[in-house]
Amino acid sequence: MMKITTDLALKKIKLPSAGRTEYRDSRIPGLFLRVSPTGKIWYLSVRPPGEKHPRRIKIGPYGTGTEAYTLKEAHIKAMAWKDAIKAGDDPRDEAKARVQRFQNNFSGITDRFLEQYVKRNLKPNTYSQYRGILKGDDLAGWRSKPIHKIQRKDVLAKLDDIAESGRFIQANRTLAILRRFFNWCAEKDIIKSSEVLPTDRVKPPLKKEKPRSRYLLQEEIKLIWDALDAFGYPFGAYIKLLMATGQRRSEVQLIRFSDIDFEKKTWTQKDNKGGRPHIVPLSDFALTIIDSIENVYGSEYLFTLGGMSPMSVNSKDKKRLDTAINKLLEERELTCFFKEPWQLHDIRRTMTTHLRKLGFPQDVCGKLLNHAQKGVTAEHYDMYDMLKEKTHAMETWGRFLEGIIDGKQDNIIDFNRA
């Protein structure tokens, strides 16, 4: 068996007219590439849990694209599978899931919808929102259910469950995404156009959404930060960077190492909700969080669980954090905080509110949040990026957070309005 050394060498390998040849990877034991007239396929030779002998498990084709693996990506996948085997998981379950993705149940059809419609047509952070709802806990009971057996009464029951838990806006978002999903099913003839869609004539549980006004007090910020110490990477570090930058959840989830300029202390967002290039100044406090992250998978993403894709955050993670906060409240015998429920999105409002109290004008806060500026002058004539002002505000916010965490809020300078 010949050795694999570089990606360039793999590209130069020509497909034989007959037979097959196997190339052993020089870095990862058990990883090899099988070349035959039909293509180049990655395999990993390992002993799955409960097996006496090693098995050759197919990883996928060599190349670039959604289902293919370059040399680096094959390394990451092989290491992730080896870690999974050590933890008692069988990598072959992943292959079975890949086969089942196109089955005619809710789980398989949503996989197709996310791949064929959402990923191709919508922004990455919108994809995260769609996936979070369709693959989340609220709709978990539908995963194995045939798509044709999901009826209007099922949708109404799910929306009622979400609304009764106090998450009215989440119920509205769920309905909007389900409506787009079932319409797509009709467009693809998965559901016959003559059939009544499960979302037809279903009204949003909350007719008029009221804008939230919840922001975190200094003492609540301190409690959240203390509770996060028990979580570590990636969730704990993710929430800490969310608090240090005030950016949207999906934007922090998708951050890549290549997006950060450590010399200029900036993070350039190429894809975001606003659809505008956005430079986020990074305070020394934020950079300390980033520096603490070890890229053990060699991944392009700051926050990942296996190296191949960015981490996902679901309602279970938030519930675990709330449980840890409540435990601290009991231990410290505090009853005056967290009386009103909070959401991760409230962190953006928290940063803005405290910066305004520290004397920063609204336009600087709006630029930090990457909100669209209104008016003809702002939209078409004012091209100033306010990077200097944003940097000043972000450094102040970093020192403000550091003072809260260290219990030295008095050291924060109270800046006057410009």
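Going by the structure above, here's the rest.
Residues numbered from 1 in each chain as written. Predicted model: local features only at pLDDT ≥ 70, side-chain atom pairs only at ≥ 80, totals over all residues. Heavy atoms only, no water.

Asker: Would you mind going over the overall build of the chain with me for this structure?
Answerer: Helix and strand counts for the chain stand at 16 helices and eight strands. Structurally, the chain occupies a C-alpha span of about 75 × 55 × 55 Å along its principal axes. Across the 418 residues that make up the chain, the buried fraction comes to 43%. Pairs at least 24 residues apart make up 58% of the contacts formed inside the chain by residues separated by at least 6 positions. Of the roughly 23200 Å² that the chain leaves accessible, carbon and sulfur atoms contribute 50%. Both charge centroids of the chain, one from 75 positive and one from 54 negative side chains, sit 6 Å from each other. (Helix = DSSP H or I, 4+ residues; strand = E, 2+ residues; numbered from the N terminus. Buried < 20%, exposed > 50% of the residue type's maximum accessible area, 1.4 Å probe, protein only. Contact = heavy atoms within 4.5 Å. Areas by Shrake-Rupley, 256 points an atom, 1.4 Å probe, with all protein chains shown as cover. Lys, Arg positive; Asp, Glu negative; His and termini not counted. Charge placed at Lys NZ, Arg CZ, Asp CG, Glu CD.)

Asker: Can you help me understand helix α2 (residues 71–86) in this one?
Answerer: One turn of the α-helix equals 3.6 residues, which is why residues spaced by three or four share an orientation. Helix length check: α2, at 16 residues, gives a terminal C-alpha distance of 23 Å against a target of 22 Å (1.5 Å per residue), a fit within 8%. G88, located one to two residues past α2, shows a positive phi value of around 95°. (Expected span 1.5 Å × (residues − 1).)

Asker: Whenever I open this one, the sheet that holds strand β8 (residues 278–281) confuses me. Can you help?
Answerer: Strand pairing within a sheet occurs via backbone hydrogen bonds; the two strands may be parallel or antiparallel. Reading across from one edge, β6-β7-β8 is the order of the three strands in this open sheet, with antiparallel pairing throughout. Among the strands making up the open sheet, the edge pair consists of β6 (260–261) and β8. (Pairing = 2+ DSSP bridges.)

Asker: Can you walk me through the pairing of strand β3 (residues 31–36) in this structure?
Answerer: In regular strands, side chains alternate between the two faces of the sheet. With respect to burial, β3 is a largely interior element, six of its six residues being buried. Burial of β3 is two-sided: the residues L31, L33 and V35 facing one way and the residues F32, R34 and S36 facing the other way are all buried. Direction of pairing for strand β2 (residues 21–25) relative to β3: antiparallel, over a ladder of four bridges. Within β3, the position partnered with T21 by the bridge is V35.

Asker: Teacher, can you tell me more about the packing of aromatic side chains here?
Answerer: Aromatic rings in a pair are described by how distant their centres are and how their planes are angled relative to each other. Applying the stated criterion across every chain yields a total of 15 aromatic pairs. For the pair Y233 and F303, a centre-to-centre distance of 6.3 Å together with 25° between the ring planes defines the contact as stacked. Taken together, the residues Y233 in the loop between α8 (218–228) and α9 (235–245) and F303 in the loop between α11 (284–291) and α12 (315–331) connect sequence positions 70 residues apart. Taking the centre distance of 5.6 Å and the plane angle of 25° together, the rings of W397 and F400 count as stacked. Note that W397 and F400 are positioned in helix α16 (residues 387–406) at a spacing of three residues, about one turn of the helix. Each member of the pair W397 and F400 is classed as buried. Among the aromatic residues, those joined into a cluster by ring pairs are F106, F113, Y117, Y130, W142, F181, F182 and W184. (Phe/Tyr/Trp six-rings, centres within 6.5 Å; stacked < 30°, edge-to-face > 60°.)

Asker: Is there a simple way to explain the side chain of K318 in this structure?
Answerer: Within the secondary structure, K318 sits in helix α12. Once you skip the residues sitting within four places of it in the chain, K318 turns out to touch F235, W342, Q343 and L344.

Asker: Looking at this model, I keep getting lost on the sheet that holds strand β4 (residues 39–46). Mind explaining?
Answerer: With mixed pairing, five strands are arranged side by side in an open sheet as β1-β2-β3-β4-β5. Two strands lie at the open edges of the sheet, namely β1 (2–4) and β5 (55–61), each paired on one side alone. Adjacent strand axes in the sheet meet at a mean angle of 35°, parallel and antiparallel pairs treated alike. Pairing of β4 with β5 involves six bridges; the strand directions are antiparallel. Residue pairing in the sheet places I41 in a bridge with P61 of β5. Across the sheet, α2 lies against β1, β2, β3, β4 and β5, angled at about 25° from β4, the strand it touches most. (Axes fitted to C-alpha atoms, helices over the stretch in contact; angles between N-to-C directions.)

Asker: What is the right way to read the packing of helix α13 (residues 346–357) against α16 from this model?
Answerer: Packed helix pairs are specified by the crossing angle of their axes together with the interaxial distance, meaning the distance between the axes. Their axes nearest at 11 Å, the elements α13 and α16 cross at an angle of 100°. In terms of their interaxial angle, α13 and α16 are classed as roughly perpendicular. In contact with T350, M351, H354 and L355 of α13, α16 contributes A393, M394, W397 and F400. Here the contact of α13 with α16 is built from residues that sort into six nonpolar, two polar and no charged. (Parallel < 35°, antiparallel > 145°, perpendicular 65-115°, else oblique. Nonpolar A, V, L, I, M, F, W, Y, C, P; charged D, E, K, R; others polar.)

Asker: Mind showing me how you'd approach the environment of K222 here?
Answerer: Take K222: it is sitting in helix α8. In this structure K222 touches I404 and I405, once residues within four positions along its chain are discounted.

Asker: Quick question: what am I supposed to make of the layout of surface pockets here?
Answerer: In this approach the atoms are scanned with a rolling probe the size of a water molecule, which exposes any empty space left behind. Looking at the second largest pocket, its volume works out to about 490 Å³. Lining the second largest pocket are 19 residues, and of these R276, K367, N370, Y384 and D385 sit closest to its centre. Residue assignment for the lining of the second largest pocket shows that the elements contributing at least two residues are β8, α14 (362–369) and α15 (376–381). Examining the composition of the lining of the second largest pocket, we find that three residues originate from one element, α14, more than from any other. For the lining of the second largest pocket, the per-class residue count stands at seven nonpolar, five polar and seven charged. (1 Å grid on protein atoms, 1.4 Å probe; cavity = no way out; pocket = protein on both sides within 12 Å on 5 of 7 lines; lining within 4 Å. Points joined across faces, edges and corners; volume = space filled by probe spheres on them.)

Asker: What exactly am I supposed to notice about the pattern of salt bridges here?
Answerer: A pair can form between side chains of opposite charge whenever their charged atoms are brought close. Under the definition given, this model contains 23 salt bridges. The partner of K145 in a salt bridge is D154, with the nearest N and O atoms 3.4 Å apart. A relative accessible area of 25% means that K145 is categorised as partly exposed. Given the relative accessible area of 16%, D154 is considered buried. For E220, the salt bridge is made with R214, and the minimal N-O distance between the two is 3.1 Å. Residues E220 and R214 agree in their burial class; the two are buried. Look at the salt bridges and you will find they share partners, linking E51, R55, D90 and R92 into a network. (Salt bridge = Lys/Arg side-chain N within 4 Å of Asp/Glu carboxyl O.)

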